[in-house]
Amino acid sequence: MSHNITTQLSANSRIQEVDFNNIGFGKIFSDHMFLADWDGQTWTNPRIIPYGNLSLSPATSAIHYGQSIFEGMKAFRHEEKVLLFRPRDNWRRLNQSADRMVMPEIPESLFMEGLLALLNIDRNWVPGSDGSALYIRPFMFATDDFIGVKPSEKYCFAIFTCPVGPYYSKPLRIKVEEKYSRAAPGGVGFTKCAGNYGGAMYPTKLAQAEGFDQVLWTDPITHTLVEETGTTNFFAVTENGIITPELHDTMLAGITRDSVIQLLKHSRYTVSEKPLSVSELKQQATDGTLKELFITGTAATLINIEGFSHQGNYFDVMKSGNQDVSNMLREKMNGLRHGLLPDQFGWIEVL
Ligand code: COI
């Protein structure tokens, strides 16, 4: 299906004001954004307009009851081309979140046409330097101005983009979280809904006050099994292969996680998705069989974990380990995303 996307171009591009050698993460926004409205029956008024504030009623349902979901994905530059990494997987996951949050489905055609039209207009905003990318934030939120608790009838679907550098600039020190939980069985942990991130901020703040960068979430029932960090999925490289916690409805099915698993299998590494206990990790860190810990996510990409703390004991994995697998994966992921390696997996869409 073809959507009739209207376009209002910005009169003054802000691109000349941007120091592309110093972009940080998430504070600089490209010139335009894509919007479409769900009127209760259908998606209407797909449009590209200059990036700017939205005007909302104070009673906007998303603000009060949290029907608000999002995605994160990236585009990369290869000479004059713009390469998108697995955008249709983000579209699929956005709709899984929408279904759980009783929000309307976004047709693939609307998602992709809006995205491609926006990227074509703002293609000069895709940075080219090492470690940089255009971060793309598709999101949907409830727009009814009604304060009864029920699914909204109206919604806004939007996409904006930001040129970004690395989300994390160094290996992380993480704290195994045993008191607070990110999600519960039967809950919304597998969705990318706004509340999952808001709810994680307090335990993260406590961990940061103790000198850690992030929390390592454990299962909400026993707090003995590792799940994910506040912003990423989690991998352990051991002498006997690579382990990542198997997915449950309390965890986000990361697209970078899946890419890494496929890359590892393709390179004939043994990789298992299975329960991974904190005690197993501690034992392996102590006897030297744990070689590397790393985390994966769209924003974070692939970053090493220096070490983890559990009940006041710190296990410095980097000191005795190496970074062989994470370096190999980082190189492959970068090569694929920047079009420097053949796209054997069909992950790249070129603009
Ligand atoms: C992403 O990795 O794209 C996310 O949405 C995580 C967020 C913490 C930036």
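Definitions and cut-offs
Throughout, a residue's number is its position along its own chain's written sequence, starting from 1. In view of the model being predicted, local features appear only for residues whose pLDDT reaches at least 70, and side-chain atom pairs are presented and counted only at 80 or more, with totals across whole chains, interfaces and linings using the full set of residues. For the side-chain quantities, the full set of heavy atoms in the structure was used; hydrogens and water were omitted. Whether a residue is near a molecule or strand is decided by its heavy atoms; if any one of them lies within 4 Å of it, the residue is near. In protein, a polar contact means a hydrogen-donor-capable atom and an acceptor-capable atom, both N or O and within 3.5 Å, with residues adjacent in sequence counting only if both atoms are side-chain atoms; elsewhere, any N or O pair within 3.5 Å suffices. All accessible-area figures derive from a Shrake-Rupley calculation using a 1.4 Å probe, and residue coverage is judged against the displayed protein chains alone. Each residue gets one label: Ala, Val, Leu, Ile, Met, Phe, Trp, Tyr, Cys and Pro are nonpolar, Asp, Glu, Lys and Arg are charged, and the others, such as Gly, are polar. Residue ranges labeled as domains rest on an automatic or database domain assignment. Residue contacts follow a heavy-atom distance rule, with two residues in contact if any of their heavy atoms lie within 4.5 Å. Here the quantity called buried area is the total loss of accessible area, with a 1.4 Å probe, experienced by two parts when brought into contact, counted for both. Salt bridges are defined by distance alone: a side-chain nitrogen of Lys or Arg within 4 Å of a carboxyl oxygen of Asp or Glu. Numbering of helices and strands runs from the N terminus, with a helix taken as a DSSP run of H or I at least four residues long and a strand as a DSSP run of E at least two residues long. Residue types Ala, Val, Leu, Ile, Met, Phe, Trp, Tyr and Cys, when buried and joined through side-chain atoms within 4.5 Å, form a set referred to as a nonpolar core. A simple rule labels every residue: compare its accessible area, found with a 1.4 Å probe on the protein chains alone, to the largest value its type can have, and call it buried under 20%, exposed over 50%, or partly exposed in between.

Details of the site of the ligand
Moving on, step 1. Neighbouring the ligand are the residues Phe-70, Gly-72, Tyr-135, Arg-137, Tyr-167, Lys-192, Thr-231, Thr-298 and Ala-299.
Moving on, step 2. Within the contact set of the ligand, an oxygen atom lies 2.8 Å away from a side-chain nitrogen or oxygen of Lys-192.
Moving on, step 3. Ala-299 is positioned such that a nitrogen or oxygen atom in its backbone is 2.8 Å from an oxygen atom of the ligand.
Moving on, step 4. Against a free-state accessible area of 280 Å², the protein chains account for coverage of 90% of the ligand.
Moving on, step 5. For the shell around the ligand, a count of residues per class yields four nonpolar, three polar and two charged.
Moving on, step 6. Lining the shell around the ligand are residues from two domains, each supplying at least three of them: domain 1 (6-166) and domain 2 (172-337).

Some thoughts on the domain arrangement of the protein chain
Moving on, step 1. For the protein chain, the domain assignment lists domain 1 (6-166) and domain 2 (172-337).
Moving on, step 2. With centres defined by C-alpha atoms, the gap from domain 1 to domain 2 works out at 27 Å.
Moving on, step 3. Taken residue by residue, the interface counts 20 residues in domain 1 and 21 residues in domain 2.
Moving on, step 4. Between domain 1 and domain 2, roughly 1800 Å² of surface is buried when both sides are summed, and carbon and sulfur atoms account for 64% of that area.
Moving on, step 5. Its salt-bridge partner being Arg-86, residue Asp-258 comes within 2.9 Å of it at the nearest N-O pair.
Moving on, step 6. At the surface where domain 1 touches domain 2, the tally comes to 10 residue pairs in polar contact (both at pLDDT 80 or more).
Moving on, step 7. Elements supplying a minimum of two residues to the side of domain 1 that touches domain 2: strand E4 (68-70), strand E5 (73-78), strand E6 (81-85) and helix H2 (87-100).

Brief notes about the nonpolar core
Moving on, step 1. Within the largest apolar cluster, 51 residues are counted, with the highest numbers of intra-cluster contacts made by Phe-34, Trp-43, Phe-111, Leu-115, Ile-136, Met-140 and Phe-157.
Moving on, step 2. Broken down by element, this core gets its largest block of residues, eight residues, from strand E8 (residues 155-164).
Moving on, step 3. When neighbours within four sequence positions are excluded, Phe-157 is seen to be in contact with Phe-34, Leu-35, Ala-36, Trp-43, Leu-94, Ile-106, Leu-110, Phe-111, Pro-138, Phe-139 and Met-140.
Moving on, step 4. Counting residues in hydrophobic clusters, the runner-up holds 22 residues, among them Leu-216, Leu-290, Ala-300 and Ile-303.

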